[in-house]
Amino acid sequence: MAGSPRDLYEVLGVARDADAKAIQRAYRKLARTYHPDLNKHPEAEERFKAIAEAYDVLSDPDTRRRYDAFGPDFRQAPDGVDPETWSRARRSGGRPGAGRGGAAPGFEEVRFGDFAGDIDIDEVLGGIFGSRGHRGWGTIRGADQETELEISVDEAYAGGRRALTVNGPGGPRTLQVAIPAGVTDGQRIRLAGQGGRGSGGGPSGDLYLVVRIAPHPTFRIEGRDVVVDAPLTPWEAALGTTVAVDTPGGEAKVKVPAGTSSGRRLRLRGRGLPNPRGKPGDLYAEAKVMVPKKPSDEERQLFEQLAAVSTFDPRRRR
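Model, not experiment: these values are computed from the prediction.

Visitor: Help me get a handle on the sheet that holds strand β7 (residues 207-213), residues and values and all.
Guide: Strands sit in the order β3-β7-β6 across an open sheet of 3 strands; the sheet is mixed. The two strands at the open ends of the sheet, each matched to only one other strand, are β3 (145-151) and β6 (188-191). Each adjacent strand pair in this sheet contributes to an overall mean axis angle of 30°, direction not counted.

Written as structure tokens, this is what we have:
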């Protein structure tokens, strides 16, 4: 997407002073609208990823404070830098008078994440490291890095550990990653000090793992909610029953009301993905009315009897 990154509050459609509950409500509503399993529009998946990222940032109080202070630069801004100083440097790109053929005297070209240009090092870093002159201005923190981490639904539900190999300036290295229970698709796991190397003795940046939950043959993940099919016979759907369904935490019983049609979702509160910072997700058993592919003679006769006496017409407008 071209242009400046979209404001995360705009993505969720909430005010900047929205509380945690309002942010969660907005996320749930948007996730049900744009989740790729429910919305087949070509742009739905990208929209859902943006929604998940916005929720991941704004639902964490510490990350939200950094975003409010630095905006899109909140992952690149070094710890301890003054937000206003950083903002001025971003707007100006350095002092006026820098020549087109290179940096003006007293300037060096540096990069923090996606930010590169002629920058007044004393202005941006002086408050952290102290002024060291034009060429000896001290230590620089390494750049933050990002990579994807694919996990299973079971790992998202219960957590776990994973060996991850990443490439760096010194060659490949293997990290032991702790996956927290309740992590969601698109969420970032921060590995402090595992990013790019610093210079001049500066600390390394952080490595952010973007979680991707792999497709599962039984479960569909919508934010923290889990959806599972609940196959029903026509008589179970018509008369009501109780059926067993699988959940990431084990088998559960679902009460099916009489008159349930395919597509109806039956909710089990709190049986979705856990939430370390609040309310867990829910589990939705989605009714799927099934008929026998090859009914026996007796079954066929009973269906014919039902067809003869029933006045029900699912195509009639109500």
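Visitor: Outline the sheet that holds strand β8 (residues 219-222), listing residues and values.
Guide: Taken together, 4 strands build an open sheet; the order of strands is β8-β9-β13-β12 and the sheet is mixed. Of all the strands in the sheet, just β8 and β12 (265-268) have a single pairing partner and so form its edges. Between one strand axis and the next, the sheet turns through 30° on average, direction left out of account. As judged from the 7 bridges shared by strand β9 (residues 225-232) and strand β13 (residues 283-289), these two strands associate in the parallel manner. Bridging across to β13, leucine 232 finds its partner in valine 289.

Visitor: Lay out the packing of aromatic side chains with the relevant residues and their values.
Guide: Tallied over the entire structure, the rule returns 3 aromatic pairs. A ring pair is formed by tyrosine 67 and phenylalanine 74, whose centres lie 5.7 Å apart and whose planes are at 85°; its orientation type is edge-to-face. The two residues tyrosine 67 and phenylalanine 74 agree in class, both being buried. Members of the aromatic cluster, joined through ring pairs, are Tyr9, Tyr67 and Phe74. Note that arginine 47 overlies the ring of tyrosine 34, its terminal NZ or CZ placed 4.4 Å from the centroid. We note arginine 265 situated over the ring of tyrosine 284; from NZ or CZ to the ring centre the distance is 5.9 Å.

Visitor: Help me get a handle on the packing of helix α2 (residues 20-34) against helix α3 (residues 44-58), residues and values and all.
Guide: Between α2 and α3, whose axes approach to 10 Å, the crossing angle comes to 165°. One way to sum up the angle between α2 and α3 is to call them roughly antiparallel. Along this stretch, α2 crosses α3, giving a crossing that reads as left-handed. Mapping the contact onto sequence places Ile23, Gln24, Tyr27, Leu30, Ala31 and Tyr34 in α2 and Ala44, Arg47, Phe48, Ile51, Ala52, Tyr55 and Leu58 in α3. When grouped by side-chain class, the residues that make up the contact of α2 with α3 number 11 nonpolar, 1 polar and 1 charged.

Parameters and conventions
- Residues numbered from 1 in each chain as written.
- Predicted model: local features only at pLDDT ≥ 70, side-chain atom pairs only at ≥ 80, totals over all residues.
- Heavy atoms only, no water.
- Pairing = 2+ DSSP bridges.
- Helix = DSSP H or I, 4+ residues; strand = E, 2+ residues; numbered from the N terminus.
- Axes fitted to C-alpha atoms, helices over the stretch in contact; angles between N-to-C directions.
- Phe/Tyr/Trp six-rings, centres within 6.5 Å; stacked < 30°, edge-to-face > 60°.
- Buried < 20%, exposed > 50% of the residue type's maximum accessible area, 1.4 Å probe, protein only.
- Lys NZ or Arg CZ within 6 Å of the ring centre and 35° of its normal.
- Parallel < 35°, antiparallel > 145°, perpendicular 65-115°, else oblique.
- Left-handed = near helix turned anticlockwise from the far one by under 90°.
- Contact = heavy atoms within 4.5 Å.
- Nonpolar A, V, L, I, M, F, W, Y, C, P; charged D, E, K, R; others polar.

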